[in-house]
Amino acid sequence: MKAPTLPDTKMERLVFLGWNDTGAQKKFIIAKHDGQLTGVQGSFTPVSKKGICAFCHQNERVGLFKADIKAKGNTDNFRAIGQYICADSLACSAHVQSTDRLDAFIRELKS
Ligand SMILES: [Zn+2]
């Protein structure tokens with residue numbers, strides 16, 4: 001997976017870094033979780049109406065982000081959790097007031 005390159009100063013200000021692979025309808029998110037950079041990827045299905053984003057709580061163009069994570073030691077066992085989040089992760093990250101919801105999302109995926 002290839003991440004866009006951003007200057008360090010910009011990364012520091014961002015709550016999370018997210019980008020879309022529109023061809024494959026996928027979204028990738030990298031966030032600091034428990035002091036570690038954690039990557040989450042999943043399918044992203046844009047919806048035609050605006051909606052409230054689960055991460056930043058703005059009324060924005062959203063899509064259903066269905067993240068999956070492999071359970072440790074068992075590659076057949078996938079957990080998937082869906083959330084409606086902004087299509088534009090850069091704008092979303094700028095709007096996020098608190099990382100609580102993002103943290104909760106990652107925690108749930110990793111549990
Ligand atoms: Zn958002």
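In the block above lies the structure referred to throughout.
The paragraphs below set out a description of the structure included in this document. Quantities reported herein were computed from a predicted structural model and do not represent experimental measurements.

Phe16, Cys53, Phe55, Phe65, Ile85 and Cys92 are the most contacted members of the largest nonpolar core, which totals 22 residues. Counting residues per element, the ones that place at least two in this core are strand 2 (26-33), strand 3 (36-52), strand 4 (59-71), strand 5 (74-86) and helix 3 (100-110). When residues no more than four places from it in sequence are discounted, the contact partners of Cys53 are Gln58, Val62, Tyr84, Ile85, Cys86 and Cys92. With 5 residues, the next largest nonpolar core counts Leu14, Trp19, Phe28 and Ile30 among its residues.

On the protein side, the zinc ion has Cys53 (SG), Cys56 (SG), Cys86 (SG) and Cys92 (SG) as donor atoms, found 2.2 to 2.3 Å from it. If you look at the zinc ion, its 4 donor atoms make angles of 105 to 114 degrees with each other, and the shape they trace is tetrahedral. In primary sequence terms, the donor set of the zinc ion follows C-x2-C-x29-C-x5-C. With a gap of 36 residues between them, Cys56 in the loop between strand 3 and strand 4 and Cys92 in helix 2 (residues 89-95) connect regions that are remote in the sequence. Cys92 shares its class with Cys56; the two are buried.

Conventions we followed
- Residues numbered from 1 in each chain as written.
- Predicted model: local features only at pLDDT ≥ 70, side-chain atom pairs only at ≥ 80, totals over all residues.
- Heavy atoms only, no water.
- Core = buried A, V, L, I, M, F, W, Y, C linked by side-chain atoms within 4.5 Å.
- Buried < 20%, exposed > 50% of the residue type's maximum accessible area, 1.4 Å probe, protein only.
- Helix = DSSP H or I, 4+ residues; strand = E, 2+ residues; numbered from the N terminus.
- Contact = heavy atoms within 4.5 Å.
- Donors = N, O, S within 2.8 Å, 3.2 Å for Na, K, Ca; no water.
- Tetrahedral: all angles 85-135°; square planar, octahedral: opposite > 155°, others 65-115°.

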